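As a plain string of letters, each chain reads:
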Amino acid sequence: MSEGKLRGEPHLSDSLIPRLQQTLTTCSQLIEAGDFSNSDGLVTGLADFLTPISVSVVEEASDLDVERTSFEILTEIHCFISSPSRNQEVIDALSFELPKVVCKFACASNRCSEIAEHVVGHLVSMCSPREMLSILCEALSSPSEMFRVPCYFSPLIGGLAKVIILIKRRQFEQVKAAVPVILGVLKSMSLETDEEGKDTEDLFHKAIALADSIQAVCKKLEQKDKKKLCALLGMYVLQVMALVSIAMGHIISSLLPIMIQLSHFLPICGLSYEGLITGLDVDKFTTICGDEGDNSIACFSHVKHGGSLAVIWGYKSNETSVAADADFEAVKNELQKNQSKRWQAIGMLKHVFSSVDLSWELKAHALDFLLCIMDGCVHQEIQNDTMGHSTYMPTLYISLQAIEMVIIYAPNAVLRKKSFDALMKVLADVPSSLRFDILTALIQNSESSSMIAILLDCIRREMHDEYSRSISVTSGVSKSEVLSALNLYRFVVIRESTGKTNCTGVLSKDMLQKAYNEWLLPLRTLVTGVMAENQQDHDQLASDTMCALNPIELVLYRCIELVEDNLKHA
């Protein structure tokens, strides 16, 4: 405390409170007298008078005198508007400015925040719900930069939770108009806040209270409108799940209770774990909530992150799956036996792996979940793509790229090993007829020499395994994967030769000689031997064998020519 205050100097509030009382009284008298032109100016003047004081709340956050002044200002405003004799026209006039004013002072302390909530709550109870919805949304959208903090927004979102219940007509349209504003605030706080603490946590509890209000409105509606509002609630909850995970992902102990609360809404909205992790529920709800070209859907940019995280938490916490009324084991079993749904789930998880905003702890949980569904899964080799599975390859490719990012940037060896295991298991789930194309694309579009080396090593191991299998077969006929390996090797050699880079090391003399002596020449001996044996036979098996070996022979000789040419210049 300053020396002046110890000597009994007057506090800042000693001069401000009388001026505030006089302004409020004069404003009330003018409105009651019907002098609205002057009263409107006085209401605006009230806001202008209090703004410089509210700025000191942020600039001098530790000053006890500023906190006391804020508390007394808020107390005076609350007492004034709560007076039983207060004219309704006075309350209506003040409602346009007071929410923004009092929420600035809410940043001073917890007790100031509580009074600010009471002021906003009283205005909500006294004024037109539709007008208050607009006023509160405008207040959420227009704070100055220094007031873009959780404690400013919390009373306003709390007020919206009360307003929504009071709206009697066109509820879906009104809620749909407000939700983007609320989610915009939550997103900015999630991405911009420097400190993760009670203020941020309280903001998300207010967001949950608003979800409770939307649910309460849903119960009152007819079936058609109820379906639309329930879908909107579901999208809102998934977006909040993602945003709270971004904001509090490093505080898992605080995040889990919030995720449990949010999970209670999933069955109410008709969201299931299977529908979420495959993305089908998200797509369905997006269609219900938004008409074609509807810009408001842009506020749900993280719902797929939220859908994935909802199921991941169901895997990590039994209490969460109970709240979601979900049988996680049944979902896991379905994903393990159904390849299409498993690939859809991998496609959803890419949103978590590729996000730069989610914590490594949450990505580790996502990897655990992925490994869980991949272990014991049923692989299906497809013929002629009769199941249309090639349509999933672009999504699987992007998902593998996302897992690569975890391998490259993970902060510790344990997480890198876990993500590498996940990469291998997803690759193993891709049919061999499609795997070469994915591996080629991954190598071609990778800028990490280490990642390219890992992928080439995958090919090397597959070639070794395939070669071992091929020589154990009586006919000695290699499978299609040998052709894929040869094509990939040819592609890498040509790419490195053209660019004169050799970032993979494949053009070094030792590597060329090793590939030539230990792989290409022995394979040529095997292929030519099998071809010679089958040329003397004229049955169908011999014919099929010759047809299978022809493309292998062509690519093999091209690889040998490339290696010999590069050895001359090595």
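Check the entry above for the structure.
Draft legend 1. Layout of a nonpolar patch on the surface. The grouping of M405, I408 and Y409 at the surface amounts to a nonpolar patch, some 290 Å² of accessible area in total. Relative to the helices and strands, M405 resides in helix α22 (residues 393-409). A residue is classified by how much of its surface remains accessible, and M405, at 36% relative accessible area, is partly exposed.

Draft legend 2. Seen up close, the environment of S321. Locating S321 in the fold gives a position in helix α18 (residues 318-323). In sequence terms S321 and S263 are 58 residues apart; their C-alpha atoms lie 7.7 Å from each other.

Draft legend 3. Spotlight on the side chain of H351. Here H351 is to be found in helix α20 (residues 339-354). The exposure class assigned to H351 is buried, which follows from its relative accessible area of 18%. Every residue in contact with H351, bar those within four places of it in the chain, is listed here: K304 and H305.

Draft legend 4. Layout of the packing of helix α19 (residues 328-337) against helix α21 (residues 360-374). Relative to each other, α19 and α21 sit at 60 degrees, their axes nearing to 8 Å. Taking contact as the criterion, the partners of F328, K332, L335 and Q336 in α19 are, on α21, F369, C372 and I373. For the contact of α19 with α21, a count of residues per class yields 5 nonpolar, 1 polar and 1 charged.

Draft legend 5. The arrangement of the nonpolar core in detail. Counting residues in hydrophobic clusters, the biggest one holds 191 residues, and the most contacted among them are L186 and Y236. Looking at this core element by element, the count peaks at 16 residues for helix α12 (residues 223-248). With residues up to four places along the chain from it excluded, the contact list for L186 reads I157, L203, F204, A207, Y236, V240 and L243.

Draft legend 6. Region of interest: α21. Across its 15 residues, α21 extends 21 Å between first and last C-alpha, which sits within 8% of the 21 Å expected from 1.5 Å per residue. Among the 15 residues of α21, 13 are classified as buried, and the element is accordingly described as predominantly covered. Trailing α21 by a residue or two, G376 shows a phi angle of about 80 degrees, which is positive.

Draft legend 7. Quick peek at unusual backbone geometry. Look at R170: it is not a glycine, yet its phi comes out positive at around 50 degrees. Along the chain, R170 falls in the loop between α9 (150-166) and α10 (171-192). By relative accessible area, R170 is classed as partly exposed at 48%. Unusually for a residue other than glycine, D325 sits at a positive phi of about 55 degrees. Here D325 shows up in the loop between α18 and α19. Judged by its relative accessible area of 65%, D325 falls in the exposed class.

Draft legend 8. Spotlight on the side chain of S188. Looking at the element boundaries, S188 is found in helix α10. In this structure the side chain of S188 is engaged in a polar contact, spanning 3.2 Å, whose partner is the side chain of R148.

Draft legend 9. The packing of helix α17 (residues 303-316) against α20, seen in detail. In the contact formed by α17 and α20, the axes pass within 8 Å of each other and the chain directions differ by 100 degrees. With respect to their mutual orientation, α17 and α20 come out roughly perpendicular. Counting all contacts with α17, which are made through K304, H305, S308, L309 and I312, the residues of α20 involved are M348, L349, H351 and V352.

Draft legend 10. Expanded view of the pattern of salt bridges. Taken as a whole, this structure holds 19 salt bridges when the rule is applied. As a salt-bridge pair, E201 and K198 come within 3.8 Å of each other at their nearest N and O atoms. Highlighted residues: E201 and K198, both in helix α11 (residues 198-218), separated by 3 residues, approximately one helical turn. When its relative accessible area of 15% is taken as the criterion, E201 is described as buried. With its nearest N and O atoms 3.9 Å apart, the salt bridge here joins K304 to D283. Note that K304 is positioned in helix α17 and D283 in helix α16 (residues 280-289), a separation of 21 residues in sequence. The class of K304 is partly exposed, set by a relative accessible area of 31%. For D283, a relative accessible area of 40% corresponds to the partly exposed category. Through salt bridges with shared partners, a single network forms among E274, E334, K337 and K341.

Draft legend 11. Layout of the packing of aromatic side chains. Scanning all chains against the criterion turns up 7 aromatic pairs. On the numbers, 6.3 Å between centres and 40 degrees between planes, the contact of F147 with Y152 is tilted. Judged on exposure class, the residue F147 and its partner Y152 are both buried. On the basis of an interplanar angle of 65 degrees and a centroid distance of 6.0 Å, the ring pair of Y315 and F369 is categorised as edge-to-face. With Y315 in helix α17 and F369 in helix α21, this residue pair connects regions lying 54 residues apart in the sequence.

Draft legend 12. Molecular detail of the environment of L20. Within the secondary structure, L20 sits in helix α2 (residues 13-32). Take L20: its relative accessible area is 1%, and that puts it in the buried class. Counting along the chain gives 30 residues from L20 to L50, while the straight-line C-alpha distance between them is 8.6 Å. If we ignore the near neighbours within four places in the chain, the residues touching L20 are L46, F49, L50, I73, E76 and I77.

Thresholds, definitions, all that
Residues numbered from 1 in each chain as written. Predicted model: local features only at pLDDT ≥ 70, side-chain atom pairs only at ≥ 80, totals over all residues. Heavy atoms only, no water. Patch = residues over 30% accessible without salt bridge, like charges linked within 9 Å, V, L, I, M, F, W, Y side chains within 5 Å. Areas by Shrake-Rupley, 256 points an atom, 1.4 Å probe, with all protein chains shown as cover. Salt bridge = Lys/Arg side-chain N within 4 Å of Asp/Glu carboxyl O. Helix = DSSP H or I, 4+ residues; strand = E, 2+ residues; numbered from the N terminus. Buried < 20%, exposed > 50% of the residue type's maximum accessible area, 1.4 Å probe, protein only. Contact = heavy atoms within 4.5 Å. Axes fitted to C-alpha atoms, helices over the stretch in contact; angles between N-to-C directions. Nonpolar A, V, L, I, M, F, W, Y, C, P; charged D, E, K, R; others polar. Core = buried A, V, L, I, M, F, W, Y, C linked by side-chain atoms within 4.5 Å. Expected span 1.5 Å × (residues − 1). Polar contact = N/O pair within 3.5 Å; in protein donor to acceptor, adjacent residues only side chain to side chain. Parallel < 35°, antiparallel > 145°, perpendicular 65-115°, else oblique. Phe/Tyr/Trp six-rings, centres within 6.5 Å; stacked < 30°, edge-to-face > 60°.

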